[in-house]
Amino acid sequence: MEIVKAEKCEGLACKVRGADKLFPFSAWDKPDKVNWFCSEHLRAAKAFSEKEKQAFMQYYADPEKRKWLPHTSLMLYEKYSEKY
Ligand SMILES: [Zn+2]
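Given the structure is predicted, the values throughout are model-derived calculations rather than measurements.

A. Local environment of unusual backbone geometry. Within the chain, Ala 13 stands out as a residue other than glycine whose phi angle is a positive 55°. Relative to the helices and strands, Ala 13 resides in the segment before β1 (23-25). Overall, the presence of 5 C-beta atoms within 10 Å leaves Ala 13 in the exposed class.

Next comes the structure, spelled out in structure tokens:
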């Protein structure tokens, strides 16, 4: 897969431009999608993604709740739970 590098940070209302100032990032629940952020927004995106992932993992630690998860979400749960 060829990754096309963006020219502008995808952070909200961010004015950082230039491919040399951008870093690739994939959210925990969208590993196939790459976003480009400046260092500041990269830090924010990582923190947000990590927080969401932990909330998800905590909630669905209960097998009863996992019964209602769509298949793609269940795959995510299994993928990340292997790391614990
Ligand atoms: Zn930015």
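Read on, since the account is not over.
B. Region of the structure containing the confidence of the model for the protein chain. On average, residues of the protein chain score 92 in pLDDT, and 94% of them are at 70 or above. Across the protein chain, the element-wise mean pLDDT spans from 94 in helix α3 (residues 71-81) up to 97 in helix α1 (residues 39-59).

C. View of the nonpolar core. Core analysis: the biggest nonpolar cluster contains five residues, these being Cys 9, Leu 22, Trp 36, Phe 37 and Cys 38. Setting aside chain neighbours within four positions, we find Trp 36 in contact with Lys 5, Ala 6, Cys 9, Glu 10, Leu 22, Phe 23 and Pro 24.

D. Quick look at the environment of Ser 81. Mapped onto the secondary structure, Ser 81 falls in helix α3. Taking the number of C-beta atoms within 10 Å as the measure of exposure, Ser 81 has 11 and is therefore exposed. Expressed as a C-alpha distance, the spacing of Ser 81 and Pro 24, which sit 57 residues apart in the sequence, is 24 Å.

Definitions and cut-offs
In every chain, residue numbers begin from 1 and rise along the written sequence. The predicted nature of this model means local features are confined to residues of pLDDT at least 70 and side-chain atom pairs, given and counted, to a pLDDT of 80 or more, with totals for whole chains, interfaces and linings taken over all residues. Helix numbering and strand numbering both begin at the N terminus, where a helix is a DSSP run of H or I of at least 4 residues and a strand a DSSP run of E of at least 2. Put plainly, a residue is buried at 20 or more neighbouring C-beta atoms within 10 Å of its own, exposed at 12 or fewer, and partly exposed in between, counting only other residues' C-beta atoms, which are placed from the backbone. Note: pLDDT gives the predictor's confidence per residue, expressed from 0 to 100. Any set of buried Ala, Val, Leu, Ile, Met, Phe, Trp, Tyr and Cys residues joined through C-beta atoms within 7 Å is what this text calls a nonpolar core. Two residues form a contact once the distance between their C-beta atoms, set from the backbone, is within 7 Å.

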